[in-house]
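Coordinates in review
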Amino acid sequence: VTLKTSTRAPLLLMGLLTTGLAQLPIPASTPRGFWALPENLTVVEGSSVKLQCGVNAPGSVVQWAKDGLLLGPDPRIPGFPRYQLAGDPARGEFHLHIEACDLSDDAEYECQVGRSEMGPELVSPRVTLSILVPPKVLQLTPEAGSTVTWVAGQEYEVSCVSGDAKPAPDITFLQSGQTISGISANVNEGSQEKLFTTEATARVIPQSSDNGQLLVCEGSSPALDTPIKASITMNVLFPPGAPAIEWPGLDEGHVRAGQSLELPCVARGGNPLATLQWLKNGQPMSTAWGTEHTQAVARSVLVMIVKPEDHGVRLSCEAHNSVSTGIQEHSITLQVSFPPSAITILGSTSQSENKNMTLSCVTKSSRPRVLLRWWLGWRQLLPTEEIVMDGLHGGHITMSNLTFLVRREDNGLTLTCEAFSEAFTKETFKKSLTLNVKYPAQKLWIEGPPEGHSHRAGTRVRLMCLAIGGNPEPSLTWYKDSRTVSESRLPQEPRRVQLGSVEKSGSTFSRELVLVTGPSDNQAKFTCKAGQLSASTKLIVQFPPTNLTILANASALRPGDALNLTCVSISSNPPVNLSWDKEGERLEGVTAPPRSAPFKGSAAARSVLMRVSSRDHGHRMTCRAHSAELRETVSSSYRLNVLYPPEFLGEQVLVVTAVEQGEALLPVSVSANPAPEAFNWTFRGYRLSPAGGPRHRILSGGALQLWNVTRADDGFYQLHCQNSEGTAEALVRLDVHYAPTIRALPDPTEVNVGGSVDIICTVDANPILPGMFNWERLGEEEEDQSLDDMEKISKGATGRLRIQHAKLAQAGAYQCIVDNGVAPPARGLVRLVVRFAPQVDHPTPLTKVAAAGDSTSSATLHCRARGVPNIVFTWTKNGVPLDLQDPRYTEHTYHQGGVHSSLLTIANVSAAQDYALFTCTATNPLGSDHTNIQLVSISRPDPPLGLKIVSMTPHSVGLEWKPGFDGGLPQSFRIRYEALETPGFHYVDVLPPQATTFTLTGLQPSTRYRVWLLASNALGDSGLADKGAQLPITTPGLDPTSGESDVQLPTEEPAGPSGLPLLPVLFAVGGLLLLSNASCVGGFLWQQRMKHLAKGLSDKTDTGSEEDRARNEYEESQWTGDRDTQSSTVSTTEVEPYYHSMRDFIPQLPPMLEEVSYSQGFTGLEDQDMAFPGHLYDEVERMYIPPGTWGPLYDEVHTGSSDLRWPEEKYEDPRGIYDQVAGDVDTVEPDSLPFELRGHLV
């Protein structure tokens, strides 16, 4: 095969331009040609294939052509990712390898070698690569996997179509595993070129054996290892087999009445399984059936109780299903045997003795027939005649007649008719009756009280009737005057007659008649009868009047009318005497002549005449009939009905008391006949609705009921009563009581000290009681609540608490309590304000405040006073009024109740201008007071005050003191002590530095010591010479048992001769030292004095001391320190003045409303539970006041139990006027202080 010219040129060009193309490195001496040629191949789609190509052509280009398309010499074959050249080109191997073949690879292939210098082109023979494509699916109609329902014997068409395949597949059908012949198949083109489909059709006639089997379509192809299949399940419908009734036993159809018959009916096969139906004589019966699919059986059981009427019944069982062409059945005819259901004896079994009795015995229908025989007791009687007749349900009726003579001895014997048959050998059917032979009684008599005996009406009389023998048993009937006696049948009537039943004792019969005698029994004849026999007796009964009747000449009476009443006694035995009385008052009457009466008794009558009034209405007129012989009286009453207009009775209530918000009932006591037609109530001219209202209703008796009563309901209510005879009116007052309400209570009530005032409490209340006012003083202590020095006055609705010679201690809260017995009591709070002139807190002898006079520090002066009304503060410096417009001076004023404070802040303190005497003056309309405060330079501290012993043991002593003026700088304390028998001093620093108590330890028992207390700051210490800064002590000895002493030592310095020898020695030594160093010491002291006076003061003060002083000054009581955890008590005379710098001053007053801008730094406290209704002054709750600060000036109400104290936060002015001073500098010698802290002498 040669290449065309148009093909060679591109091959040569490609061979020249392509680098790395396939070249044949074969020696030129080897001849050109193919040593391996491709062959025709057939593969299944998806497989890999290799087409061989081996050549000897050095220097030539080798490539493959597919259906004439050159694939190129590149081993990777661009554009054909599944194609590549395989093998070793150096050996001339150019095999074409194709991966995962598909239908596009089905073509003709040739291997071509290009021309070269070594020879011409070479082309291999064309080979064919055939790709087999297997069918993927089979499409079956009906749908594969489904179940089709066919009827057996009918023809159905099934088609099966294969998917695309190459070559076209073969299709076969299998029915229940057997190949179907006569299939028609067609091959069609597929969805692509070279693909084919096969469509096959088969005709199927299913049989019953195919039910549940598969109809399979198989597709086979060379490309398949195993055929593919698609199948459907055949549900073949076919009729069931004939039904069969399974009869229990051998004798089919024969059954006994009453038997429970169970007949199973079974039908086998069929799809669906058979439906079974029972029929009785061709009529369907309501039965159920079940199926067993595993055994392909339908079963139905007929259960019935056989009855005689079922004889000859034809029972059928039918079987069919949806494809049955006809109904199949099995039938059985019932032959029922049954005994007679009943035996009846006709004729009467009661006959008189010695007479013939005729009876007939008849049976109900039976199958087969029965025979009859008679028995009297144990004696058989022969029948006179027997008859057999046709009965119901194919049976027979048997009748036997019997006639025989009865005798007295046959009475009570049993006469039996017995039926029997060989078919019912195990059963006997009988009917029995008891003979009743009649014969009469032999004797009859009555037992009871003797005739002629009198009986009191109501007496119980017993009569007994007795008889001997007789059949039937004697009935023993009682008669009263020819009328049959019977018991009362009405339950409401009294049981006056008790008639017993006939009782038998042996051959004796008795019947009792018990009577409660009455008037109708008088002279009555009682007879007992038994057949033709009878017996009688007569009773005599004494009775009071049977009916006492009062006759009146008029029914409607009015005051002044004449009334004639007649009392009539209808009958009595013996006769009675009649009398009249009115409400117990005897009246004279007229007796009428006697006349005949019923019950064979006596009658009587008596009349009375009277004139009536309204007071007689309702009175009872009584007629009494008395029998002396019976000792019994019968009464009859006639109530007078007198018509008169309403009249109010004496017990009519005219005043009704009620409580507000409660209920009130205004009763009506009125008499009238007829009853009042209406009760009309009016109040203040307005008529109250008879139908009632939101707060009232008129009761049936005319009473007026009110609820939610208010004080507006108080007043007179007019009642108007009316009936057909006239009218009447009455006034009823409603007095409404209500709880007191305070209408006026002036708060506050003010009075000057020593003056008099009334606290007036005015209330609205009802009732007003003389002692309903009560007063309480609200305070914490019992002595604060005493009102002994006050006068209580009560007059009407006003109560007064009179206070004369008012004292400050009486100021505070008072409560007016009003209780008039109607809850709740009224309570009102009022404040008593005792006005007094200002009283300034005067420290003794002078208040000092230290500050550095360097024109940069600030100082604050605190002035506190009390007084009412509010106080106005003014300040002077060295007697000259202070100009508060000067920006260096700022004053803050605080008012808290009767306590007032003024804080004067001096900014940029100058020694030349501000070291002066400042005077604070407090003024109100009642007077004024003042105090002086000295602003000085910082200096050494003053000695501590009041050093004392608070506890002591053999080895320790507890000390307490009060700090002195700290010189404007932070101070600390040091204890120096010595044992008098041992030379040398010991020093102990007090920690923390601000403590005012300390326990000195390490002491020896029974040893005398001397203790000094020194205060020091940055400028030096306070020295040892001051009284109170030293203290002699003697420790107690050890207790022999416990080793400790229980001796209580005095807290003051003991006086004794032991201290006297030491003083002259000390003064002598001191004098010598002063004389020898006078000039040096004098110069040094003068210099130190100048430096100390020049130092600026800090703005520190101690509020506690002022509070304590105020308490001592105004309460005139003992002082209790609260600055430390341990406290002590001394008298006010022992408290010496002491001072603090203002540096750590904490203003303790809360801000007023007008001082909100200065409220920073204060601690807010919780509000009290009770506040006064108004404010005369801008006061602050008691919670802000330190306990006991001003004593009993304003003892306000405390509702909590918390310990109220001054806030402990520091007051920090936002402008920063409280700057740090020398308290923050370490303690140094005076000469080493910075210049700005040294100050100057003023």
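The shown structure was predicted, so the numbers you read here are calculated from the model rather than taken from an experiment.

Reading the values: the criteria
- Residues numbered from 1 in each chain as written.
- Predicted model: local features only at pLDDT ≥ 70, side-chain atom pairs only at ≥ 80, totals over all residues.
- Heavy atoms only, no water.
- Helix = DSSP H or I, 4+ residues; strand = E, 2+ residues; numbered from the N terminus.
- Buried < 20%, exposed > 50% of the residue type's maximum accessible area, 1.4 Å probe, protein only.
- Contact = heavy atoms within 4.5 Å.
- Areas by Shrake-Rupley, 256 points an atom, 1.4 Å probe, with all protein chains shown as cover.
- Phe/Tyr/Trp six-rings, centres within 6.5 Å; stacked < 30°, edge-to-face > 60°.
- Lys NZ or Arg CZ within 6 Å of the ring centre and 35° of its normal.
- Polar contact = N/O pair within 3.5 Å; in protein donor to acceptor, adjacent residues only side chain to side chain.
- Pairing = 2+ DSSP bridges.
- Patch = residues over 30% accessible without salt bridge, like charges linked within 9 Å, V, L, I, M, F, W, Y side chains within 5 Å.
- Salt bridge = Lys/Arg side-chain N within 4 Å of Asp/Glu carboxyl O.
- Lys, Arg positive; Asp, Glu negative; His and termini not counted.
- Charge placed at Lys NZ, Arg CZ, Asp CG, Glu CD.
- Disulfide = S-S within 2.5 Å.
- Axes fitted to C-alpha atoms, helices over the stretch in contact; angles between N-to-C directions.
- Core = buried A, V, L, I, M, F, W, Y, C linked by side-chain atoms within 4.5 Å.

In this section: the overall build of the protein chain. Counting secondary structure elements, the protein chain contains five helices and 95 strands. Looking at the protein chain as a whole, 44% of its 1242 residues are labelled buried. Look at the contacts in the protein chain between residues 6 or more apart in sequence, and 67% of them connect residues 24 or more apart. Put simply, the protein chain shows about 63300 Å² of open surface, and 51% of that area lies on carbon and sulfur atoms.

Glancing now at the packing of aromatic side chains. Within this structure, the stated rule accounts for eight aromatic pairs. An angle of 90 degrees between the planes, with centres 6.1 Å apart, marks the rings of phenylalanine 424 and phenylalanine 429 as edge-to-face. Comparing phenylalanine 424 with phenylalanine 429, the two get one shared label, buried. Of note, arginine 408 hangs over the ring of tyrosine 439, and the distance from its end group to the ring centre comes to 4.1 Å. Just above the ring of tyrosine 738 sits the side chain of arginine 711; from NZ or CZ to the centre is 3.7 Å.

The next point concerns the side chain of serine 366. With respect to the helices and strands, the residue serine 366 is situated in the loop between β33 (356-363) and β34 (371-376). Here serine 366 falls in the buried class, since its relative accessible area comes to 0%. A polar contact of 3.1 Å, which involves the side chain of serine 366, links it to the backbone oxygen of proline 368.

We now examine the sheet that holds strand β13 (residues 147-151). The strand order across the open sheet built from five strands is β13-β20-β19-β15-β16, with neighbouring strands paired in mixed fashion. For this open sheet the edge positions go to β13 and β16 (178-179), each flanked by a neighbour on one side alone. In this sheet, strand β20 (residues 228-237) lies alongside strand β19 (residues 214-220) in antiparallel orientation, the contact comprising six bridges. Note on β20: the bridge partner recorded for glycine 219 is isoleucine 228.

So, on to a positive patch on the surface. The grouping of Lys525, Lys529, Lys538 and Lys600 at the surface amounts to a positive patch. Assignment of secondary structure puts lysine 538 in strand β50 (residues 533-538).

Counted under the stated rule, the structure contains eight disulfides. Note that cysteine 361 is cross-linked by a disulfide to cysteine 417, the S-S spacing being 1.9 Å. On the sign convention where negative is left-handed, the bridge of cysteine 361 and cysteine 417, at about -90 degrees about the S-S bond, is left-handed. Placement of cysteine 361 in strand β33 and of cysteine 417 in strand β38 (residues 414-420) is noted, with a sequence separation of 56 residues between them. For the pair formed by cysteine 361 and cysteine 417, the shared burial category is buried. Each sulfur in the disulfide pair cysteine 465 and cysteine 528 lies 1.8 Å from the other. Because the torsion about its S-S bond is -75 degrees, the bridge between cysteine 465 and cysteine 528 counts as left-handed. One end of the pair, cysteine 465, is in strand β43 (residues 460-468); the other, cysteine 528, is in strand β49 (residues 525-530), with 63 residues separating them in the sequence. Here cysteine 465 falls in the buried class, since its relative accessible area comes to 0%. Its relative accessible area of 0% is what places cysteine 528 among the buried residues.

This next bit is on the environment of leucine 832. In this fold, leucine 832 is placed in strand β77 (residues 826-840). Sequence separation of leucine 832 and alanine 813 is 19 residues, and the distance between their C-alpha atoms is 6.3 Å. With residues up to four places along the chain from it excluded, the contact list for leucine 832 reads Thr749, Val751, Val757, Ile759, Ile803, Gln810, Ala811, Gly812 and Tyr814.

This paragraph deals with the sheet that holds strand β54 (residues 577-582). Spatially, the four strands line up as an open sheet ordered β55-β54-β59-β60, and their pairing is antiparallel. Because the sheet does not close on itself, it has two edges, and the strands there are β55 (585-587) and β60 (632-639). On average, adjacent strands in this sheet sit at an angle of 30 degrees to one another, irrespective of strand direction. Across eight bridges, the pairing between strand β59 (residues 620-627) and β60 is antiparallel. Opposite arginine 624, over in β60, you have serine 635 as the bridge partner.

Ile759, Cys761, Trp775, Tyr814, Val818 and Leu832 are the most contacted members of the largest nonpolar core, which totals 27 residues. Of all the secondary structure elements, the ones that give two or more residues to this core are β72 (757-766), β73 (773-778), β75 (798-803), β76 (812-818) and β77. With six residues, β77 is the largest single contributor of residues to this core. Setting aside residues no more than four positions away along its own chain, tryptophan 775 makes contact with Leu745, Ile759, Cys761, Leu787, Lys792, Gly799, Arg800, Leu801, Gln815 and Cys816. Ala57, Val62, Tyr83 and Tyr109 belong to the second largest nonpolar core, which has 24 residues in total.

What follows is about the pairing of β49. Pairing of strand β44 (residues 477-480) with β49, which is carried by four bridges, proceeds in the antiparallel orientation. Note that in β49 the partner of tyrosine 479 across the bridge is threonine 527. As paired elements, β49 and β50 share six bridges and run antiparallel to each other. Each residue of the ladder has a partner; that of lysine 525, found in β50, is lysine 538. Counted between consecutive antiparallel strands, the loop separating β49 from β50 contains two residues, among which glycine 531 sits at a positive phi close to 65 degrees.

Counting through the fold element by element, aspartate 410 comes out in the loop between β37 (396-405) and β38. By relative accessible area, aspartate 410 is classed as buried at 3%. With sequence-adjacent residues up to four places away left out, aspartate 410 is seen in contact with Leu376, Arg379, Leu405, Leu435 and Val437.

Here we take up the pattern of salt bridges. Enumeration according to the criterion identifies 44 salt bridges in this entry. Glutamate 329 is paired through a salt bridge with arginine 314; the nearest N and O atoms lie 3.2 Å apart. One end of the pair, glutamate 329, is in strand β29 (residues 328-333); the other, arginine 314, is in strand β28 (residues 314-320), with 15 residues separating them in the sequence. For arginine 314, a relative accessible area of 35% gives the class partly exposed. Note that glutamate 750 is salt-bridged to arginine 835, the shortest N-O span being 3.2 Å.

So, on to unusual backbone geometry. Excluding glycine, residues mostly have negative phi values, and the peptide bonds linking residues are mostly trans. The peptide bond linking asparagine 471 to proline 472 adopts the cis configuration, its omega dihedral lying at 5 degrees. Of the consecutive residues asparagine 766 and proline 767, the connecting peptide bond is found in the cis state with omega at 5 degrees. Along the chain, the position of proline 767 falls in the loop between β72 and β73. The backbone of aspartate 481 sits at a positive phi, close to 50 degrees, despite the residue not being glycine. In this structure, aspartate 481 sits in the loop between β44 and β45 (483-484). A positive phi angle, close to 50 degrees, is found at asparagine 708, a residue other than glycine. With respect to the helices and strands, asparagine 708 occurs in the loop between β68 (704-706) and β69 (715-723).

Another aspect to go through is the environment of serine 322. With respect to the helices and strands, the residue serine 322 is situated in the loop between β28 and β29. Judged by its relative accessible area of 59%, serine 322 is exposed. C-alpha of serine 322 to C-alpha of phenylalanine 238: the two residues are 84 residues apart in sequence and 8.5 Å apart in space.

Here we take up the pairing of strand β79 (residues 859-868). Counting buried positions along β79 yields 10 of 10 residues, so the element is predominantly enclosed. Across the two faces of β79 the burial is the same, with Ala859, Leu861, Cys863, Ala865 and Gly867 and Thr860, His862, Arg864, Arg866 and Val868 all buried. Across three bridges, the pairing between β77 and β79 is antiparallel. Residue glutamine 839 lies in a different strand from β79, and its bridge partner there is arginine 866. Of the pairings in the sheet, the one linking β79 to strand β83 (residues 899-906) comprises eight bridges and is antiparallel in character. By the bridge assignment, cysteine 863 is partnered in β83 with serine 902.

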